[in-house]
Amino acid sequence: MEPSAASYQILVVDDSPVHRKLVEQALETSAYSLLFAKSGIEALELYHKHAPSVVLTDWMMPDLSGLELCEQIRADSHRGYTYIILLSAKSEKDNVVKGLAAGADDYLTKPFDPGELLARVGVGCRTVDLHREIGAKNQQLEEMAHTDSLTCLPNRRALEDWAGRQLRGAARHGFPFWVIHVDLDLFKDINDNFGHDAGDFVLQKFAEILKANTRASDICGRMGGDEFLVVMTHVEEEHIRATIEPLREELAAYVFKFGDTKVSITASFGIVGFRGKEAPLFAALVQQADKALYEVKRAGGNQVRISAPLA
């Protein structure tokens with residue numbers, strides 16, 4: 001369904017009440033949502049407050065010219081795309097070039113034909129739609145690039161990006177930083193005895209348990225295969241084991257049913273922590289947590305082991 005005109009907000013900027021009225025009359029039959037500014041400064045305030053789809057701005061204004069308004073809008077890279085139409089009595093080619101160079105998308109000479117103005121605003125709205133569609137697809141691609149498709153948890157790339165920022169913060173502000181490497185015990189047996197669909201279900205169920213036991217301020221994700229990672233901050237050393245044990249216990253208590261067979265699955269946890277002013281590489285912490293995990297595996301699994309006290 002094509003968006004209605006009412007879904008587009010148009011900011012009209014002109015210090016002349018006569019020209020503002022002419023623009024209003026040209027657009028009012030299309031039911032656009034209109035905002036009006038008498039100056040460039042007022043226009044900027046309305047732009048930051050409402051993020052209009054289209055800006056129709058006069059060139060000559062007493063405080064901030066249409067060119068300067070274009071430049072300031074284009075300098076705001078954090079908002080969605082705004083289509084800018086510059087209105088001016090100046091029709092010389094040099095002025096058109098200046099307007100486009102300042103960031104305007106289109107240029108219309110006064111006095112304008114109402115039908116032409118309406119058509120150009122329509123082009124602007126379609127252009128804004130394209131930018132919105134591209135932005136939404138880019139966001140979707142970004143999310144896909146950071147998400148494990150099977151478990152819907154953050155993937156290794158997302159874990160590394162998030163953890164790197166938090167690790168720098170931990171070094172700067174002195175709070176505890178923990179890496180917990182998790183591996184399901186005897187997971188290969190599930191795939192061998194019950195098939196890969198059963199194995200996928202186990203991974204998905206453990207991901208649910210993992211997510212339910214991870215605070216919103218922390219992160220959990222899948223490294224690959226049956227390996228997962230949890231990164232936690234602001235947990236003191238004396239509390240880290242008690243924080244992780246419920247996760248291990250919940251998985252061990254869950255009964256999986258594959259046909260007529262009931263199966264219990266456990267996981268091993270290797271933990272390493274950091275607290276200090278010089279942050280190590282995140283990869284080094286993961287490697288150290290992996291060593292602790294390996295020790296748990298050699299001891300029979302289904303345990304939590306802390307590699308070393310916080311440095």
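Position numbers for residues count from 1 along each chain, tracking the sequence in the order it is written. In view of the model being predicted, local features appear only for residues whose pLDDT reaches at least 70, and side-chain atom pairs are presented and counted only at 80 or more, with totals across whole chains, interfaces and linings using the full set of residues. Remark: hydrogens and water are excluded; side-chain values derive from all non-hydrogen atoms of the structure.

**Student:** How do you make sense of helix H10 (residues 282-298) when you look at a structure like this?
**Tutor:** Structural remark: α-helix, 3.6 residues per turn; residues separated by three or four positions point the same way. Going along the chain from the N terminus, every DSSP run of H or I of four or more residues is numbered as a helix, and every run of E of two or more is numbered as a strand. In this analysis, the expected span of each helix is defined as 1.5 Å times one less than the number of residues it contains. Over its 17 residues, H10 extends 25 Å from the first C-alpha to the last, a length consistent with the 24 Å expected when each residue adds 1.5 Å. Where H10 is concerned, the buried positions are Phe282, Leu285, Val286, Ala289, Ala292, Leu293 and Val296. Buried residues of H10, viewed axially, fall in a sector of 120°; they line one side. Facing away from the buried side of H10, by more than 90 degrees, are the exposed residues Ala283, Gln287, Lys291, Tyr294 and Arg298. Packing partners of the buried residues in H10 comprise helix H6 (156-173), strand E6 (177-184), strand E7 (219-224), strand E8 (227-233), strand E11 (267-274) and strand E12 (304-306). Note on exposure labels: buried denotes an accessible area under 20% of the residue type's maximum, exposed denotes more than 50%, and partly exposed covers the range between, all computed with a 1.4 Å probe on protein chains only. Here the arc refers to the set of directions running from the helix axis out to each C-beta atom. Two residues form a contact once any of their heavy atoms are found within 4.5 Å.

**Student:** Which parts of the structure should I look at to understand the pairing of strand E4 (residues 83-88)?
**Tutor:** Within a regular strand, the side chains alternate between the two sheet faces. Taking burial as the measure, the six residues of E4 include six buried ones, the bulk of the element. Every second residue of E4 is oriented toward a common face, with Tyr83, Ile85 and Leu87 on one face and Ile84, Leu86 and Ser88 on the other, all of them buried. Two strands qualify as a pair provided that DSSP identifies no fewer than 2 bridges between them. Sheet topology note: the strand E3 (residues 54-58)/E4 ladder contains five bridges and is parallel. In the sheet register, Val55 faces E4, and the bridge partner there is Ile84. With respect to chirality, the unit in which E3 leads through helix H3 (residues 66-75) into the neighbouring parallel E4 is right-handed. Across four bridges, the pairing between E4 and strand E5 (residues 106-109) is parallel. Paired with Leu86 across the strands is Tyr107, a residue of E5. Viewed with both strands pointing away, a crossover whose connecting path from the first strand over the helix to the second turns clockwise is right-handed.

**Student:** Before we go on, may I ask you to explain the pattern of salt bridges in this structure?
**Tutor:** Any two side chains of opposite charge can pair, so long as their charged atoms come close to each other. Here, a salt bridge means any side-chain nitrogen of Lys or Arg that lies within 4 Å of a carboxyl oxygen of Asp or Glu. Considering all chains together, one arrives at 20 salt bridges under this definition. Lys110 is the salt-bridge partner of Asp58, the closest N and O atoms lying 2.9 Å from each other. Of this pair, Asp58 sits in strand E3 while Lys110 sits in the loop between E5 and helix H5 (114-145), and the two are 52 residues apart along the sequence. A salt bridge links Arg222 to Asp148, with the nearest nitrogen and oxygen atoms 3.2 Å apart.

**Student:** What is the right way to read the environment of Leu100 from this model?
**Tutor:** Within the element layout of this structure, Leu100 appears in helix H4 (residues 93-101). Accessibility expressed as a relative area gives 42% for Leu100, which makes it partly exposed. In contact with Leu100, other than residues within four places in its own chain, are Asp105 and Asp106.

**Student:** Sorry, what's going on with the sheet that holds strand E1 (residues 9-13) here?
**Tutor:** Two modes of strand pairing occur in sheets, parallel and antiparallel, and in both the strands are linked by backbone hydrogen bonds. Reading across from one edge, E2-E1-E3-E4-E5 is the order of the five strands in this open sheet, with parallel pairing throughout. In this open sheet, the two edge strands, each paired with only one partner strand, are strand E2 (33-37) and E5. Neighbouring strand axes in the sheet, compared pairwise and without regard to direction, differ in orientation by 20° on average. Helix H1 (residues 17-27) contacts E1, E2, E3 and E4 of the sheet and is inclined by roughly 175° relative to E2. A fitted line through C-alpha atoms represents every axis, and for helices the fit uses only the stretch in contact; the resulting angles, taken between N-to-C directions, go from 0 to 180 degrees.

**Student:** Sorry if this is basic, but what is going on with the side chain of Ser268 here?
**Tutor:** With respect to the helices and strands, the residue Ser268 is situated in strand E11. Here Ser268 falls in the buried class, since its relative accessible area comes to 0%. A 3.5 Å cut-off defines polar contacts: any pair of N or O atoms within that distance qualifies, except that in protein one atom must be a possible hydrogen donor and the other a possible acceptor, and neighbouring residues in sequence count only when both atoms are side-chain atoms. A distance of 2.6 Å separates a polar atom in the side chain of Ser268 from a polar atom in the side chain of Asp185. Residues within four places of Ser268 in sequence aside, it is in contact with His181, Val182, Asp183, Asp185, Leu293, Val296, Lys297, Gly301, Asn302 and Gln303.

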